[in-house]
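Per-entry structural report
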Amino acid sequence: MTSRFVGVAGLPRAGSTLLCQLLAEHPEMHSEGHSSPLCNALLATRHSISDDQFFLSQLDAQADITYAHLKSAMQGFLSGWHAGHGKPVVVDKNRAWLHCIEFLLHLDPSAKLLVPIRELGQIYGSIEAQHQKTILIDFIDHLADLDRFGRADQLFAKDKAIGAPLSSIEAVQDLPQAIKSRLYFVKFEDLMAQPAQTMAAVYAWLGVAPNPPKLSNRLPSSSLVGHVFMGLVGVGLP
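Residues numbered from 1 in each chain as written. Predicted model: local features only at pLDDT ≥ 70, side-chain atom pairs only at ≥ 80, totals over all residues. Heavy atoms only, no water.

Quick word on the packing of aromatic side chains
Short version of the rule: What counts as a ring pair is set by centres within 6.5 Å for rings of Phe, Tyr and Trp (its six-membered ring), and what kind of pair is set by the plane angle: stacked under 30 degrees, edge-to-face over 60, tilted for all other angles. A 1.4 Å probe rolled over the protein chains alone gives each residue an accessible area, and that area as a share of the maximum for its type sets the label: buried under 20%, exposed over 50%, partly exposed in between. Elements are defined by DSSP. Helices are runs of H or I of four residues or more, strands are runs of E of two residues or more, and each kind is numbered from the N terminus. By the criterion adopted, a ring carries a charge over it if an Arg CZ or a Lys NZ lies within 6 Å of its centre and within 35 degrees of its normal.
With the rule as written, the count across this model stands at three aromatic pairs. Arranged with centres 5.7 Å apart and planes meeting at 40°, the rings of phenylalanine 77 and tryptophan 81 form a pair that is tilted. For tryptophan 81, a relative accessible area of 37% puts it in the partly exposed group. Consider the rings of tyrosine 184 and tryptophan 205, whose centres lie 5.2 Å apart with planes at 35°: the pair is tilted. You can see tyrosine 184 sitting in strand E5 (residues 183-187) and its partner tryptophan 205 sitting in helix H12 (residues 195-206), a full 21 residues away along the chain. Relative accessible area serves as the criterion here: at 23%, tyrosine 184 is assigned to the partly exposed category. Against the face of tryptophan 205 rests lysine 112, its NZ or CZ located 4.7 Å from the ring centre. A cation sits over an aromatic face here: arginine 118 above phenylalanine 188, 4.1 Å from the ring centre.

So, the pattern of salt bridges
What counts, and what does not: We define a salt bridge as a contact between a side-chain nitrogen of Lys or Arg and a carboxyl oxygen of Asp or Glu at a distance within 4 Å.
Per the stated rule, a full pass over the model turns up three salt bridges. Between glutamate 128 and arginine 151 there is a salt bridge whose closest N-O contact spans 2.7 Å. Taken together, the residues glutamate 128 in helix H7 (residues 120-133) and arginine 151 in helix H8 (residues 148-155) connect sequence positions 23 residues apart. Arginine 151 gets classed as buried once you look at its relative accessible area, which sits at 4%. As a salt-bridge pair, lysine 160 and aspartate 141 come within 3.5 Å of each other at their nearest N and O atoms. You can see lysine 160 sitting in the loop between H8 and helix H9 (163-171) and its partner aspartate 141 sitting in the loop between H7 and H8, a full 19 residues away along the chain.

Quick notes on the nonpolar core
Filter applied, for reference: Note on terminology: a nonpolar core comprises buried Ala, Val, Leu, Ile, Met, Phe, Trp, Tyr and Cys residues joined through side-chain atoms within 4.5 Å.
Counting residues in each nonpolar core, the largest one holds 38 residues, and the members touching the most others are Phe5, Leu42, Leu78, Trp97, Leu98, Ile101 and Leu113. When contributions to this core are tallied by element, the ones reaching two or more residues are helix H2 (38-50), helix H4 (63-80), helix H5 (96-99), helix H6 (101-107), strand E4 (112-117), H7, H8 and H9. Top contributing element to this core by residue count: H6, with five residues.

What to know about the sheet that holds strand E2 (residues 29-35)
For clarity, the threshold we go by: Note: two strands are recorded as paired if DSSP finds a minimum of 2 bridges between them. Think of each axis as a best-fit line through the C-alpha atoms, taken over the contacting stretch in the case of a helix, with angles from 0 to 180 degrees between the N-to-C directions.
The strand order E2-E3-E1-E4-E5 describes an open sheet built from five strands, whose pairing is parallel. One side of each edge strand has no neighbouring strand; the edge strands of this open sheet are E2 and E5. The mean angle between the axes of side-by-side strands here comes to 20°, regardless of whether they run parallel or antiparallel. Taken together, the four bridges between E2 and strand E3 (residues 89-93) define a ladder with parallel strand orientation. Across the sheet, methionine 29 pairs through a bridge with valine 89, a residue of E3.

Quick look at the structure:
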């Protein structure tokens, strides 16, 4: 069985992990709930094969056939990564999917992408709050020695944790409508305030059953939403 592919890619601290966990509760969907290396592996293959002398020689000799070989191999890698789960929909989380959405749709024109978003000040506040809790550990790009405003400037740079996915979201407006139609934006604030309604809309867009069993037991109750929200937000800008 060939599963329908759903990617999850959006802003950091915008509920993508929670969204994947909720999707995993749906009986028609396979979702591992954490970031996947699949997108990175496909992009690494593209980079590597594009410099391979044997591939380039074959491309010169028979371009259409060689390109078809490459496309078929990448399609097999994409579909084979999550093979064996037996469910009609597979969910793969990687922030890079949005940046390379045209690449993904070239391999699988039926693919869809869920894009978690959140108010930007709350995203930075959440990252800063987590840093303060684990202040003995540096950021991967060594931002711990900067002051809070300096960290904010760096995090919003176009190649950093917030700025890179934000640039991908801003670039969506320039994409053809056919590609835009494959994207669905999920607001963190809606997911926390109205989880059942938000997930029902997501399921409808994905074309799966609207009321999966036991889902309501996994969603935050109305009495807990405020506490969960505050815990995720942490502190704001100084």
